[in-house]
Amino acid sequence: MSEASIPSKWTSEAVPDALFGGKDAPLFGRRQRRARGPRLPVIAVTGFLGSGKTTLIRALLAKPEGANTAVVVNKYGEVGIDNALLRSSSDVTVLLGNGCLCCNLRTDLQETLRTLFADRARGAVPSFERVVIETSGLADPGPVLQTFATDRGLGREFHLQALISVVDAVNGERNIARMPEAKKQAALADRIVVTKSDIADPAATRRLIEQLGALNPAPVELVIGGEIEPSFLLAEPSSPARRFELGGPDHTHGLCSFALIFEEPLSWAGFEQTMALLTSLRGPDVLRVKGLLAIRECRGPVVVHFVQHVAHPPVELEDWPDRDRRSRLVFITRSLPREAVARLFDSITAVVACSAPDALARRE
Amino acid sequence: MADTAIWNFRQLAHHELDGFGGIGEGMSIQIAKDGRRILWLAHESAPKNFTAVDVSDPRAPKIVARADLPQSHMRSNSLETVGDIMAVAYQTKEQGLQPAGFELFDISVPENPRSITFFDCSGPHSRGVHQLWFADGEYIHMSSSAPDFTPTHPRDDQFYRIIDVKNPSHPVEVGRWWLPGTRQGDSEPPPARHPEGADTGFRPHNTNVYPERPDRAYLGYIDGGMIILDISDKSRPKMVSRWDYHPPYHGFTHTVVPFFDRNLLIVSDECVRTEGADWPKLVWVVDGRTETNPVPIATCPLPPLDNYMKPGARYGAHNLYENLPKPNAWKSDRVVLATYFNGGLRAYDTSNPYQPAEIGYFVPAAPERAPSGAIQINDVFVDERQVVYTVDRHVGGLYTLEMDF
């Protein structure tokens, strides 16, 4: 049995390429120019109550770069909503009813996005180019991240391009210290927007940025009045997980972020089994893993993305974003240190390495 | 749909071709001696014959040459170039008219195409050539009538002919094939007609031959379905297989594009009626692993009929990008690009051939003078730079695009 033919938990949805793959049968379907492939990008904006999510989104929609955006708003326990304000500046706005996106409204989100996609295809709504989801302040972003991996209908049409966390400089430090949701929102984000630094104590803002750096290696941008370079919110990550300069270990909160770099190409089977083992033993603590991998069986680099026990379908890119061809993985975990994960990878890599054909032959 | 609907394409330019923007099914790239990239376009109907557009900069296409047809009762719907030679198909409105056949041009100076020869196909039952395939510089494979061919039914007047053009001054027919029963004198009975109004003839439309299988011709045989011919002996083509799915479908199989390495055949219908009268006209994915028994396994998904149904306009499949076996043509055995008239240009990923996935579309706004008030995207070509060229059937002219999927 070749490595590539090992039954794969995460490739089974890909393609029956055994029948129609041809000589150049990519492991994960057609190679893509970018991680989102042809899918519609989704930008999820999360952040604690009053942190400035709506202001940020409104400012984005007012700019030419924000045109052709569909906005899905999910607020919890608020009446009246800022929805009317959003509607005036965006092509399509959908308001999800009261409730929290992370739990009871997740199905509503799926339904809403499916309907939006179908309406767009039949011309009932303008041909929007992206979706911005404003989540309720209390939402745990984990389930939103998972929605685009697990729901086959959505995963095919939509790609979660960025999870933006909005943290306000006045209350952020305290919220992150006291509220697990706020901390998770910051830890899981792809990009972090710090608001209200104009009315916050500069020392507090500095401490907040340090705190964020310890939680998450994501880029941080200071924003006043929602005024932000649109690309910070909208840009496709040209190279996933390229930043490795992490802050110091975050001892007090139990959340860690760290990177693993592999000099040699990995076998897909080895990588997959390592992640399977890791997530089956510690799934709830593997909050998010993003990576760009050199896979032995693939010509191009492979984008991988895990949220707890859920894996987004891997995407093989046509090309590397730069000359660095090493595999790299960024982990956000809870009480799972780098050392333990690195050892697991080393062990399984060693096991795979000695299953070379001549080794098998000797055994027989 | 008033506005342009675009997804995962980027529009580079639009050229209405100075008021003559009705383009047929001939789109071919020539790299001129001075390095310019010339796109030759066949017109849908008289008065224009062909137009040459310099697309070296696809953001700024420029017309460099244009020719009129000698008669208004004819059209030159199809053309191909190989090097500096261009073949143009001539079809007359009625049988028995002239000129019916094809003309070869020397286009070494794109501004001044010079006729090399005219190959006459006219005859009492002939409308001449509807479509031709010219890729290797040696043979033209075409859907044509002939002076000596009397069909059993007037709508079956064209058939498959192979013409040797190695000496462009003296083209010579080397082989032909027709569906048994369609020529008077055949021992087989004529095929059962499709219902009146949907009877579009048992005759070939596209006749594709690729270097991967020089011994095969892939024919969209209109009401006869898809036909694969063995042309290892060009003087005696033999049928390998035929996939005929009409009725219940409404006929007019148009193009067959094999994805050789993946044992798949992509087959398009042509929508020929307005208001959805022949809905659905589809792009089919066919399992070609057993050549003698092609099996349809999927169709490319389409928005529902009422999205794009407009009085006087067609909405349904038509041309495919054909992976032309030429150096200046893009090749893909995973992406299907298909034109759907009012449904625009649509792109599909066939990585999972059982579930083709739509990955992009371009439905331009209706051109100002569109007779039906709708866009009617007719054909598509992609060059090796991955620039996409697509054309409107009536007035819209040429659109240049980049793929962004």
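Coordinates for the structure precede this section.
For clarity, every value in this text was computed on a predicted model and none was experimentally measured. (Residues numbered from 1 in each chain as written. Chains lettered and ligands numbered in written order. Predicted model: local features only at pLDDT ≥ 70, side-chain atom pairs only at ≥ 80, totals over all residues.)

Colleague: In this structure, what is going on with the sheet that holds strand β6 (residues 62-68) of chain B? I would like to understand it.
Modeller: Sheets are built from strands that pair by backbone hydrogen bonding, the pairs being arranged parallel or antiparallel. Residue and element names in this part refer to chain B. The sheet built from 4 strands is open, its strands ordered β3-β4-β5-β6 with antiparallel pairing. Among the strands making up the open sheet, the edge pair consists of β3 (23-31) and β6. The sheet shows a mean angle of 20° between the axes of neighbouring strands, taken without regard to direction. (Pairing = 2+ DSSP bridges. Helix = DSSP H or I, 4+ residues; strand = E, 2+ residues; numbered from the N terminus. Axes fitted to C-alpha atoms, helices over the stretch in contact; angles between N-to-C directions.)

Colleague: Can you walk me through the pairing of strand β1 (residues 40-47) of chain A in this structure?
Modeller: Two faces make up the sheet, and in a regular strand the side chains alternate between them. Residue and element names in this part refer to chain A. Of all 8 residues in β1, 8 are buried; the element is thus mostly enclosed. Side chains Leu-40, Val-42, Ala-44 and Thr-46 project from β1 onto one buried face, and the interleaved Pro-41, Ile-43, Val-45 and Gly-47 project onto a second face that is buried too. Direction of pairing for β1 relative to strand β5 (residues 158-168): parallel, over a ladder of 8 bridges. Paired with Gly-47 across the two strands is Val-166, which belongs to β5. The sheet contact formed by β1 and strand β4 (residues 130-134) spans 4 bridges and is parallel. (Buried ≥ 20, exposed ≤ 12 C-beta atoms within 10 Å, placed from the backbone.)

Colleague: What exactly am I supposed to notice about the packing of helix α11 (residues 268-282) of chain A against helix α12 (residues 338-353) of chain A here?
Modeller: The relative placement of two packed helices is expressed as an angle between their axes plus a distance between the axes. All names here are of chain A. At a closest axis distance of 9 Å, the pairing of α11 and α12 adopts a crossing angle of 140°. It follows that α11 is oblique to α12 by the angle criterion. In the packing of α11 onto α12, the handedness of the crossing is right-handed. Residues Ala-269, Gly-270, Gln-273, Thr-274, Leu-277 and Leu-278 of α11 touch α12, and the partners they reach there are Val-341, Leu-344, Phe-345, Ile-348, Thr-349 and Val-352. Taken together, the residues that form the contact of α11 with α12 break down as 8 nonpolar, 4 polar and no charged. (Parallel < 35°, antiparallel > 145°, perpendicular 65-115°, else oblique. Left-handed = near helix turned anticlockwise from the far one by under 90°. Contact = placed C-beta atoms within 7 Å. Nonpolar A, V, L, I, M, F, W, Y, C, P; charged D, E, K, R; others polar.)

Colleague: Could you clarify how one ought to interpret the interface of chain B and chain A in this entry?
Modeller: Interfaces are frequently sized by the accessible area removed from exposure as the parts join. Counting from both sides, the interface comprises 23 residues of chain B and, opposite them, 15 residues of chain A. If you list the elements that add at least two residues to the side of chain B that touches chain A, you get β1 (5-7) and β26 (357-363) of chain B. Considered class by class, the residues forming the side of chain B that touches chain A number 12 nonpolar, 6 polar and 5 charged.

Colleague: Whenever I open this one, the nonpolar core confuses me. Can you help?
Modeller: Nonpolar side chains in soluble globular proteins tend to end up buried together. Leu41(B), Val88(B), Phe102(B), Ile140(B), Ile266(B) and Leu337(B) are the most contacted members of the largest nonpolar core, which has 117 residues in total. Setting aside chain neighbours within four positions, we find Phe102(B) in contact with Ala87(B), Val88(B), Ala89(B), Tyr90(B), Phe119(B), Val129(B), Leu132(B), Ile140(B) and Met142(B). Membership of the second largest hydrophobic core comes to 87 residues, among which are Ala70(A), Val71(A), Phe148(A) and Met275(A). (Core = buried A, V, L, I, M, F, W, Y, C linked by C-beta atoms within 7 Å.)

Colleague: I would appreciate a short explanation of helix α2 (residues 53-62) of chain A in the present structure.
Modeller: Looking only at α2(A), the buried set comprises Lys53(A), Thr54(A), Leu56(A), Ile57(A), Leu60(A) and Leu61(A). Taken end-on, α2(A) shows its buried residues confined to a sector of 160°, consistent with a single buried face. (Arc of directions from axis to C-beta.)

Colleague: It is not clear to me how the sheet that holds β1(B) should be interpreted in this structure. Could you clarify?
Modeller: All names here are of chain B. One open sheet accounts for 4 strands, arranged β1-β26-β25-β24; its pairing is antiparallel. On the outer flanks of this sheet lie β1 and β24 (335-339), each paired with one strand and no other. Each strand axis lies, on average, 25° off the axis of its neighbour in the sheet, ignoring direction. For β1 and β26, the ladder comprises 3 bridges, and the chain directions are antiparallel. Residue Ile-6 lies in a different strand from β26, and its bridge partner there is Phe-362.

Colleague: How do you make sense of the environment of Asp287(B) when you look at a structure like this?
Modeller: Residues and elements named next belong to chain B. With respect to the helices and strands, the residue Asp-287 is situated in strand β22 (residues 283-287). For Asp-287, a count of 18 C-beta atoms within 10 Å corresponds to the partly exposed category. Distance in space between the C-alpha atoms of Asp-287 and Pro-353 is 8.6 Å, their sequence separation being 66 residues.

Colleague: Quick question: what am I supposed to make of the pairing of strand β17 (residues 213-220) of chain B here?
Modeller: Residues and elements named next belong to chain B. As defined by bridge partners, strand β16 (residues 207-210) adjoins β17 across 3 bridges and the pair is classed as antiparallel. Following the sheet pairing, Tyr-210 is matched in β17 by Arg-213. Between the antiparallel neighbours β16 and β17 lie 2 residues. As paired strands, β17 and strand β18 (residues 226-230) are joined by 5 bridges and run antiparallel to one another. Within β18, the residue paired with Leu-219 across the bridge is Ile-227. Linking β17 back to β18 in an antiparallel pair, the connection comprises 5 residues, with Ile-222 at a positive phi of about 50°.

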